[in-house]
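The residues making up each chain are set out below.
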Amino acid sequence: MFEPMSGPRIFGVPPGADFPKELVDHLLNYFRTKPVEELARVTILVNTRRMQRRLRELFAQSGPLLLPRISLVTEFDALMKGALPDAVTPLRRRLEMTRLVAQRIATDGHAPKSAAVDLAESLTNLLDELHGESVDPVRFSELKVEDESGYWERSLAFLNIVNAYVDAVSDRGVDGEARRRAAANLMIAKWKLSPPQDPIVIAGSTGSRGTTSLLMEAVARLPKGAIFLPGFDFDLPGEVWHQMASSRILEDHPQFRFAAFLAKIEATHSDVIKLGRAPAPVRNKLISLSLRPAKVTDQWLGEGPQFDDLRNITSDIALIEAGQPREEALAIAVALKTVIHEGKKAALITPDGTLGRRVVATLARWNIRPDESAGVPLSLTPPGRFLRQIADLIGQPARPDALLALLKHPLCRTGSGDRGPHILNALALEVVCRENYIASVDAEALDLLGKDAGEERKAWCDWLSALLERLAQMPNATLEEGLAHHITLAEDFASGTSDGSGALWDKDDGEDVRTEVDRFRAESDFSAPIRFVEYARLIERALMAENSRPQEGVRPDVMIWGTLEARVQGADVVVLGGLNEGIWPEQPAPDPWLSRTMRRELGLLLPERQIGLSAHDYQQAIGAPEVILSRAKRNEDSETVPSRWLNRLTNLLQGLTGNNGPQALEAMQERGMRFVEIARTLDPPLLAPPARRPAPAPPVSVRPRRLSVTAIRKLIQDPYAIYAERVLKLKALSPLVPQPDARLKGIVFHALMEEIFYPNAIPVTHARIEQSAQRLLEMHVPWPHVRAHWLGHVRHISEQLMTFQKSWSGNEILAVEAKGVFGVPGTTFNVTAKADRLDNLPDGSLMIYDYKTGSIPKHKDIVRFDRQLVIESLMAEAGAFECVPPAPVADAVHVGIGRSPKEAPIDLQKHYNLVTVSDELAALLTEYDNPNRGYISRRIMEDERFAGDYDHMARFGEWDATHATAVEQVS
């Protein structure tokens, strides 16, 4: 293996072969006849920690050995101890870059302050790329760009921050990627003078990054250096290798990186030594043909018919085409469970983290916990979420939804021993917030909760009130102050007392989060100003970047990997999940700084690079012994497009009719459909038939005998709502986060009309209207911008309100918000009402007013269902209102107080005979004394889009107004 050779020592492992095992077997075979210490002299550089762990496991399984040194190629600089200055920590990099970006934003104002952290991270990633590809940042200024809008000039000002950053950190060390590049250059220079006598192996890397590629070139030229390439396509024709080696336009091909690497070391694909055997070599050849560059897809016609029966070649492939992502996750979980039940090892490979988490959650129903390579981002672990929730509340009004989410968090108040009462108090606070339209929780809201409560609840309110005072404080603009304020508050919320931290730092994920916090503490000497919002964004990004990988209860025979781990292999059955465009391959992220042309001119990486790497991972994974391909036909928004590689494979199969290609594809789909059908059986809601239009008919004894005039309208339009509210006693909850909706506006404007017109002896003036409006808005509306908007509305209509008073000046106001109860003649029903205003006219008759902040009902609506004023007129003539003697009603008037205020009287004499109205009301109410009469949902809605409080209970949407109704007797 390490004997002298005329050319570079390059080994290639075909797609699907167990790369780590082939490497270990090859090394062990070579060193079997050599002294035991020779193997220990070998240095192996690998691309991932999982590869590192697997190699160690395979060596350990081979018996007692002196193991080789196995390190990460990205940590190569660690071998150069003392030769280079230390690298600055990743957090210090982010802090320094954020400081410089914030200064630039403050100087030119071309970006919001809130974007400082995101822009800094983008520049940091660009800096890594510059170091890795050995591109001097000075070259930014050399680019020739037409810049009529000045955009490039502004961008260049930010790009020049990269140079300023390098100067800023020079006294503390060097940048990490720069250190790796320098280490590689130093080592290469040393090797040229004195080549190492011990073997050096780089295994599992494609050389996609500049520093790694540079190191691979140097190792390939060493007398005892060797490169092991994963997923090398030995079936690719020589002319395609030549095209890729001479041009970057094929960078999205899975083998492009290998072609570029071989060209750099003046080797060809024929110089690569084949190592190992693929589990399905003929299938690999088919996949290779499907992935040919677009220029040579005519080779499908020439080489495709040479295959034997494709049904045999693809017999180990299944294709899952689920209806939507949830179904795909369940089908994959079924497939994984089936595989491990058969005693095989299974792996899901997907770049879609959401799909992976769904599969993990589904497997949990069978108590199967897979080995996840990615783990869970610390930001999504319980302590990570807790810290994020605290940070979101600091210096901000305590919105009920955010505060209650924090109080209900499983880590909140875990050190006080009263978790049960704490949750009850939090639920009680939620009820208070909903019932009182509270927009932010403060001492006044807690006083409402503690009023007439026991000592325990009052103590809890005092505890929360003290913490809310501290939450409202914004710490000084330093890292040390922000961190201390944040973590102290988190520990006090978690403990429930002034001591300890509850269960915040317990378990593995708590320790992992605390490690990240300690990294921030280690940088507390960072003296530059940093606003708390920037600190909060930085710690959130830090938690998102690290993962928690709990190993307790993990099964070794079922794994969930990212696409990079496709090179590790070692599974009997591999599931390739999320094979849709935009997921696999992922859509390249837009570059906010450089165009594609600029990148090519500078020698930086192009977007196609990532697509090519994803293609290589796909080709490696689909070469497994057994393969299940999976995609969802729809996502949450629309239909999806199959991954370009899956599309190529299906198109190739459909075109090879002489080789039974279409039949092979159909068989693949049938094998995948088996998992989908099991999934649908396991999850009945996916197959549940549409609901019928409900019309429940409860016993007459439980039906309501008392309804308000507004409920009469509801009984006509949506009887099901009356059933839910009055029979089932279900009350629609007010939103937890109050909104400036029509209901609130109606409350404020009705109170304003009552205040300015009553008593009628006081004249209505602009000053009086505005004074009353301001007081009512301060009392009821917590949003300054809404108060300003509604006050403008009042000012707009104030002249018309004064005109109203003049036209009503001859009337005597008898009552406002007058309550009344009316026994409907001929029935046992009572109707209640609250009239906005009742006036006595000079002739002794009555006038009724109803204020409308929205639109005034049209005549056809009043005839059909909006009978409020008509029924109130009937009640007034019957003397049903308190303090209002019975008298004829001369007029009933809708008073519109919207942007176009006006009066709209109802002509009672012409259109509405009150005797007839009484009879119709009696007939309506008596109809619901019939035990066979059901409360139908959405009987006569004025607008199909109108949302009712109980539509979700009626499962509206699974039926519409055209569906027939069957009355259902309910007890």
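For the structure itself, consult the block above.
One structure accompanies this document, and this report is about it. (Residues numbered from 1 in each chain as written. Predicted model: local features only at pLDDT ≥ 70, side-chain atom pairs only at ≥ 80, totals over all residues. Heavy atoms only, no water.)

When its secondary structure is counted, the protein chain shows 38 helices and 22 strands. On the principal axes, the C-alpha backbone points of the protein chain span a range of 120 × 70 × 65 Å. Taking contacts inside the protein chain between residues at least 6 apart in sequence as the whole, the part at least 24 apart equals 77%. As presented, the protein chain carries roughly 44,400 Å² of accessible surface, and 51% of it is formed by carbon and sulfur atoms. Measuring between centres, the 114 positive side-chain charges of the protein chain sit 3 Å from its 130 negative side-chain charges. (Helix = DSSP H or I, 4+ residues; strand = E, 2+ residues; numbered from the N terminus. Contact = heavy atoms within 4.5 Å. Areas by Shrake-Rupley, 256 points an atom, 1.4 Å probe, with all protein chains shown as cover. Lys, Arg positive; Asp, Glu negative; His and termini not counted. Charge placed at Lys NZ, Arg CZ, Asp CG, Glu CD.)

Once that is clear, we can look at the sheet that holds strand 4 (residues 200-203). Taken together, the 6 strands give an open sheet; going across it, the order is 3-2-4-5-1-6, and neighbouring strands pair in parallel fashion. In this open sheet, the two edge strands, each paired with only one partner strand, are strand 3 (69-72) and strand 6 (273-274). Relative to strand 3, strand 2 (residues 43-46) runs parallel, the two being bridged by 4 bridges. Pairing of Leu45 across the sheet is with Ser71, part of strand 3. Seen against the sheet, helix 1 (residues 19-31) touches strand 1 (10-13), strand 2, strand 4 and strand 5 (225-230) and runs at an angle of roughly 150° to strand 5. (Pairing = 2+ DSSP bridges. Axes fitted to C-alpha atoms, helices over the stretch in contact; angles between N-to-C directions.)

Attention shifts here to the sheet that holds strand 9 (residues 371-372). Pairing is parallel across the open sheet formed by 6 strands, whose spatial order is 7-14-13-8-12-9. Strands with a single pairing partner mark the edges of an open sheet, and in this sheet they are strand 7 (317-322) and strand 9. Across the face of the sheet, helix 28 (residues 661-682) comes into contact with strand 7 and strand 14 (626-632) while running at roughly 60° to strand 7.

Another aspect to go through is the packing of aromatic side chains. Here the structure, examined in full by the defined rule, presents 18 aromatic pairs. Residues Trp808 and Tyr849 carry aromatic rings whose centres are separated by 4.6 Å and whose planes lie at 45° to one another, so their mutual orientation is tilted. With a gap of 41 residues between them, Trp808 in the loop between helix 33 (784-807) and strand 17 (812-823) and Tyr849 in strand 19 (residues 846-852) connect regions that are remote in the sequence. Classification of Tyr849 by relative accessible area gives buried; the value is 0%. Plain terms: the ring middles of Phe956 and Trp959 are 5.1 Å apart, the flat faces sit at 70° to each other, and that makes the pair edge-to-face. Judged by its relative accessible area of 28%, Phe956 is partly exposed. (Phe/Tyr/Trp six-rings, centres within 6.5 Å; stacked < 30°, edge-to-face > 60°. Buried < 20%, exposed > 50% of the residue type's maximum accessible area, 1.4 Å probe, protein only.)

Below, the discussion takes up the pattern of salt bridges. If you walk through the whole model with that rule in mind, you get 51 salt bridges. With a shortest N-O distance of 2.8 Å, Arg92 and Asp525 are connected by a salt bridge. With Arg92 in helix 4 (residues 90-108) and Asp525 in the loop between helix 23 (507-522) and helix 24 (532-545), this residue pair connects regions lying 433 residues apart in the sequence. Its relative accessible area of 4% is what places Arg92 among the buried residues. The closest approach of N and O atoms between Arg555 and Asp557, which form a salt bridge, is 2.8 Å. (Salt bridge = Lys/Arg side-chain N within 4 Å of Asp/Glu carboxyl O.)

Below, the discussion takes up the packing of helix 29 (residues 709-717) against helix 30 (residues 719-727). Interhelical geometry of helix 29 versus helix 30 gives an angle of 125° and a closest axis separation of 5 Å. Taken together, the axes of helix 29 and helix 30 lie oblique to each other. Contacts between helix 29 and helix 30 involve Ala711, Lys714, Leu715, Ile716 and Gln717 on the former and, on the latter, Pro719, Ala721, Ile722, Glu725 and Arg726. In terms of residue class, the contact of helix 29 with helix 30 is built from 6 nonpolar, 1 polar and 3 charged. (Parallel < 35°, antiparallel > 145°, perpendicular 65-115°, else oblique. Nonpolar A, V, L, I, M, F, W, Y, C, P; charged D, E, K, R; others polar.)

This part covers the side chain of Arg703. Within the secondary structure layout, Arg703 lies in the loop between strand 15 (696-697) and strand 16 (706-708). No salt bridge is formed by the buried Arg703; the nearest opposite charge belongs to Asp929, separated by 6.8 Å. Among the polar contacts listed, one links the side chain of Arg703 to the backbone oxygen of Pro698, at a separation of 3.0 Å. Not counting chain neighbours up to four residues away, the residues in contact with Arg703 comprise Ala697, Pro698, Val727, Tyr928, Asn930, Pro931, Arg933 and Tyr935. (Polar contact = N/O pair within 3.5 Å; in protein donor to acceptor, adjacent residues only side chain to side chain.)

As a further point, take helix 28. Between its first and last C-alpha, helix 28 extends 32 Å over 22 residues, near the 32 Å set by a 1.5 Å rise per residue. The set of residues buried in helix 28 consists of Gly661, Ala664, Leu665, Met668, Gly672, Phe675, Val676 and Ala679. (Expected span 1.5 Å × (residues − 1).)

Okay, the state of the cysteines next. Going through the model one piece at a time under the given rule, you end up with 0 disulfides. Not engaged in a disulfide, the cysteine Cys433 finds its nearest cysteine sulfur in Cys461; these two sulfurs lie 11 Å apart. Take Cys433: its relative accessible area is 1%, and that puts it in the buried class. (Disulfide = S-S within 2.5 Å.)

Moving on to unusual backbone geometry. The residue after Trp584, namely Pro585, is reached through a cis peptide bond having omega 10°. Non-glycine residue Asp452 carries a positive phi angle of around 60°. Taking the relative accessible area as the measure of exposure, Asp452 reaches 76% and is therefore exposed. One non-glycine residue, Lys729, lies in the positive phi region at around 60°. Looking at where Lys729 falls in the secondary structure, it is placed in the loop between helix 30 and helix 31 (742-757).

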